[in-house]
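Residue strings, one per chain:
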Amino acid sequence: MKPESPALLRHYIGGEFVASAATFDNIAPVDGRLLSRVSEADRATVESAVAAARRALSGPWGKMSVQQRSAMLHKIADGIEARFDEFVAAEVADTGRPVHQARSLDIARAITNFRTFADLAACANSDAFEMPTADGAGALNYTVRKPLGVVGIISPWNLPLLLLTWKVAPALACGNAVIAKPSEESPTSATLLAEVICQAGVPAGVFNLVHGRGADSAGQFLTQSAGIDALTFTGESRTGSTIMKAVADGVKEVSFELGGKNAAVVFADADFDAAVAGVMRSSFTNSGQVCLCSERVYVHRSIYDKFVTAIKQKVQALRIGFPEEADVDMGPLISHGHRDKVLSYYRLAVEEGATVVAGGGVPVFGDARDEGAYVQPTVWTGLPDNARCNTEEIFGPVCHIAPFDDEEEIIARVNDSKYGLACALWTTNLSRAHRVARRIHVGLVWVNTWYLRDLRTPFGGVKLSGLGREGGRYSLDFYSDVANICIKL
Ligand SMILES: NC(=O)c1ccc[n+]([C@@H]2O[C@H](COP(=O)([O-])OP(=O)(O)OC[C@H]3O[C@@H](n4cnc5c(N)ncnc54)[C@H](O)[C@@H]3O)[C@@H](O)[C@H]2O)c1
Ligand SMILES: O=C/C=C/C=C(\O)C(=O)O
């Protein structure tokens, strides 16, 4: 029996699913099997998607009210709900994450993203300012929101559908037409999304999907297209820098969600068990492949030894398994290539003088997972703050735990980073929580929790962690041109 040939994932351009002659393989990180072949867009294909988006703006989409667009976004959310299990299977196949995470986080948040921005856009108010004039008659100023136009969206592999829809939903809610380029590591859920958007009756060309890699491929071609009006990107800081150069000549609007080297700080007055559980979540969720993860953990000296012992026990008890296992805690990394990067830091840490408290290598299962991209969850101590493993983003299931003595010291140490995305503080002292939180130079601070998300809040980082904020009205502001109209009365 000839083995079934792998599916071919296609682009979605101008309302049609189209294939490219060039393809790349989509490999399962659980066991290294070939999942599908994926069309790779060349420059002409990307430009055809940009042209389709431009045409869509002068079609029925451009004439729709925000209420009509809002209804469309709810239909998309309905479509994802109707195919929920397919989306879960797609995300799990591409990334190897636990099924329970894909269900409770990734796919659930994609639905919430569409519904949230459908409602926020429909309820968005505009500003008005009355002003006096010399003749006494006065003047009235009011603002109107207009779409930016054609928006390029480039998204990463770590939370594929969550992060793609975090951009697509507000962009469409604000009346734009988009070209989305998902990561080459996670093409499947984006392809399903295109099917749902097509079935929801969104006019052709409003949402376009092109597959490909970054440099010298679809990602780069999209950033270099003269036909886009704005570019929103989530990924590595150095990629953000490259993209910024690509769009500079056209002075395109950009929104960047980039890398991080986030800290968790456990004060002596913390709820100890809550802090241990919280750091386990913030360092090992999604195999540490979340931009908000705490790779730097600082614990007050008075509880340091007890805390390291507690984390060691929890890390050694983490269940690394197949995605379908109900009690699995951790899956593989996204690819063998990324695993090589993380393992290079595992080796570097030892060279830099780290004590390996737990993990540090590759688990041996004796089954298909040995062909996957698994690593052991790892804990280090003993490194100086300026060690490369304490300053560079690793993006794996690993953290370094260091002691500290006082507030001023720890604020300075946490802020001494080229990144500034997120920080988690653990303290039961309310004054300390407010006092320290506002002095940490990041975009997002959580106190006695981590990754608790209200989608109306601003999300983004400072320094190498990003440019701009998305979330709530911040998204509406980025994905709209706001014009002021002044009427002489
Ligand atoms: N701040 C945030 O909200 C956030 C969220 C998720 C991930 N991230 C960051 O993303 C990184 C992991 O994701 P990744 O490995 O996919 O990042 P990446 O930068 O390698 O790739 C991200 C996307 O950019 C594309 N790309 C790569 N090079 C490009 C180029 N030269 N021109 C145009 N497009 C290009 C890729 O194909 C992919 O679709 C980590 O650094 C993580 O911190 C940040
Ligand atoms: O890996 C980074 C996670 C980003 C998460 C979000 O952008 C979000 O929850 O909206």
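Residues numbered from 1 in each chain as written. Chains lettered and ligands numbered in written order. Predicted model: local features only at pLDDT ≥ 70, side-chain atom pairs only at ≥ 80, totals over all residues. Heavy atoms only, no water.

- Where an unreviewed UniProt entry is consulted, the protein appears under the name Aminomuconate-semialdehyde/2-hydroxymuconate-6-semialdehyde dehydrogenase, with the organism given as Duganella sacchari.
- Heading Sequence similarities (unreviewed entry) of the UniProt record for the protein holds this comment: "Belongs to the aldehyde dehydrogenase family." (UniProt positions renumbered as here; feature names shortened; annotations may be inferred.)

## A closer look at helix α3 (residues 66-82)
In an α-helix, one turn spans 3.6 residues; hence positions three or four apart end up facing the same way.
(1) Moving on: Between the first and last C-alpha of α3 there are 24 Å, a value that for 17 residues agrees with the 24 Å anticipated at 1.5 Å per step.
(2) Moving on: Those residues of α3 lying buried are Arg69, Ser70, Met72, Leu73, Ile76, Ala77, Gly79 and Ile80.
(3) Moving on: For α3, the secondary structure elements touched by its buried residues are α2 (60-63), α4 (84-95), α5 (99-123), α6 (160-173) and α7 (188-199). (Helix = DSSP H or I, 4+ residues; strand = E, 2+ residues; numbered from the N terminus. Expected span 1.5 Å × (residues − 1). Buried < 20%, exposed > 50% of the residue type's maximum accessible area, 1.4 Å probe, protein only. Contact = heavy atoms within 4.5 Å.)

## Remarks on the UniProt feature "domain: Aldehyde dehydrogenase" (unreviewed entry) in the protein
(1) Moving on: UniProt's feature table lists "domain: Aldehyde dehydrogenase" (unreviewed entry) at residues 19-483, given in the numbering used throughout.
(2) Moving on: The straight-line gap between the two end C-alpha atoms of residues 19-483 is 40 Å; of that span, 41% is helix and 20% is strand.

## A few points about the site of ligand 2
(1) Moving on: The environment of ligand 2 is made up of Arg109, Asn158, Leu159, Leu162, Leu163, Trp166, Val290, Cys291, Tyr451, Arg453 and Phe459.
(2) Moving on: Measuring from an oxygen atom of ligand 2, one finds a side-chain N or O atom of Arg109 at 2.8 Å.
(3) Moving on: Here an oxygen atom of ligand 2 and a side-chain polar atom of Arg453 are 2.8 Å apart.
(4) Moving on: Its free accessible area being 310 Å², ligand 2 has 98% of it covered by the protein chains.
(5) Moving on: Per-element accounting of the shell around ligand 2 gives the leading share, 3 residues, to α6.
(6) Moving on: Partitioning the shell around ligand 2 into residue classes produces 8 nonpolar, 1 polar and 2 charged. (Near = heavy atom within 4 Å. Polar contact = N/O pair within 3.5 Å; in protein donor to acceptor, adjacent residues only side chain to side chain. Areas by Shrake-Rupley, 256 points an atom, 1.4 Å probe, with all protein chains shown as cover. Nonpolar A, V, L, I, M, F, W, Y, C, P; charged D, E, K, R; others polar.)

## Section: a nonpolar patch on the surface
(1) Moving on: Nonpolar side chains collect at one region of the surface, where Tyr142, Ile487 and Leu489 lie side by side and expose about 260 Å² of accessible area between them.
(2) Moving on: Looking at the secondary structure, you find Tyr142 in strand β7 (residues 139-147).
(3) Moving on: Look at Tyr142 and you get partly exposed, because its relative accessible area is 30%. (Patch = residues over 30% accessible without salt bridge, like charges linked within 9 Å, V, L, I, M, F, W, Y side chains within 5 Å. Salt bridge = Lys/Arg side-chain N within 4 Å of Asp/Glu carboxyl O.)

## Observations regarding the site of ligand 1
(1) Moving on: Lys181, Glu184, Thr239, Leu258 and Glu393 are the nearest of the 31 residues found near ligand 1.
(2) Moving on: Ser155 places a polar main-chain atom, nitrogen or oxygen, 2.8 Å from an oxygen atom of ligand 1.
(3) Moving on: Measuring from an oxygen atom of ligand 1, one finds a side-chain N or O atom of Trp157 at 2.8 Å.
(4) Moving on: In the complex, the protein chains occlude 92% of the 840 Å² of accessible area that ligand 1 would expose alone.
(5) Moving on: Counting residues per element, the ones that place at least two in the shell around ligand 1 are α8 (218-224), β11 (230-234) and α9 (237-248).
(6) Moving on: Counting the residues that make up the shell around ligand 1, at least three belong to each of domain 1 (8-258 + 465-488) and domain 2 (262-447). (Domains from an automatic or database assignment.)

## What about the sheet that holds strand β6 (residues 128-131)?
(1) Moving on: Overall, antiparallel pairing links the 3 strands, which are arranged β6-β7-β23 in an open sheet. Here the strands that pair on one side only, and so sit at the sheet edges, are β6 and β23 (480-488). Looking at each pair of strands side by side, their axes are set apart by 25° on average, direction ignored.
(2) Moving on: Where β6 meets β7, 4 bridges bridge the pair, whose relative direction is antiparallel. Residue Phe129 lies in a different strand from β7, and its bridge partner there is Asn141. (Pairing = 2+ DSSP bridges. Axes fitted to C-alpha atoms, helices over the stretch in contact; angles between N-to-C directions.)

## Overview of the sheet that holds strand β20 (residues 444-447)
(1) Moving on: Read across the open sheet, the 7 strands follow the order β15-β16-β17-β14-β13-β19-β20; overall the sheet is mixed. Single-partner strands in this sheet number two, and they are β15 (355-358) and β20. Neighbour-to-neighbour, the strand axes of this sheet turn through a mean angle of 25°, independent of strand direction.
(2) Moving on: Sheet topology note: the strand β19 (residues 422-426)/β20 ladder contains 4 bridges and is parallel. Pairing of Ala422 across the sheet is with Leu444, part of β20.
(3) Moving on: Relative to strand β14 (residues 294-300), helix α11 (residues 301-316) is tilted by about 140°, and along the sheet it contacts β13 (262-266), β14, β15, β16 (378-381) and β17 (398-404).

## Overview of the environment of Glu371
(1) Moving on: Residue position: Glu371 is located in the loop between β15 and β16.
(2) Moving on: Exposure remark for Glu371: the relative accessible area of 51% places this residue in the exposed category.
(3) Moving on: Note: C-alpha distance between Glu371 and Leu333 (38 residues apart in sequence) is 12 Å.
(4) Moving on: In contact with Glu371, not counting residues within four places along its chain, are Val30, Asp31, Gly32 and His336.

## What about the domain arrangement of the protein?
(1) Moving on: Assigned domains within the protein: domain 1 (8-258 + 465-488) and domain 2 (262-447).
(2) Moving on: Centre-to-centre, using C-alpha coordinates, domain 1 lies 31 Å away from domain 2.
(3) Moving on: Contacts between the two partners involve 22 residues from domain 1, matched on the other side by 30 residues from domain 2.
(4) Moving on: The contact between domain 1 and domain 2 buries some 1900 Å² in all, and 59% of this surface belongs to carbon and sulfur atoms.
(5) Moving on: Counting across the domain 1 and domain 2 interface gives 1 salt bridge.
(6) Moving on: Put simply, Glu236 and Lys341 hold a salt bridge, and the shortest N to O gap is 3.9 Å. (Buried area = accessible area lost by both parts, 1.4 Å probe.)

## Some points on unusual backbone geometry
(1) Moving on: Positive phi, normally seen in glycine, also occurs at Asp216, with a value near 55°.
(2) Moving on: With respect to the element layout, Asp216 can be found in the loop between β10 (207-209) and α8.

## Overview of the pattern of salt bridges
Between side chains of opposite charge, a pair can form when the charged atoms approach closely.
(1) Moving on: Applying the stated criterion across every chain, the model contains 30 salt bridges.
(2) Moving on: Between Asp135 and Lys488 there is a salt bridge, with the nearest N and O atoms lying 2.6 Å from each other. Residue Asp135 is located in the loop between β6 and β7, and its partner Lys488 is located in strand β23; the two are separated by 353 residues in the primary sequence.
(3) Moving on: Between Lys167 and Glu470 there is a salt bridge, with its nearest N and O atoms 3.0 Å apart. Taken together, the positions of Lys167 in helix α6 and Glu470 in the loop between β22 (466-467) and α16 (472-478) put the pair 303 residues apart, joining distant regions of the chain. Pair check on accessibility: Lys167 and Glu470 agree, each one buried.
(4) Moving on: Taken together, the salt bridges that share partners define one network made up of Asp269, Glu407, Arg432 and Arg435.

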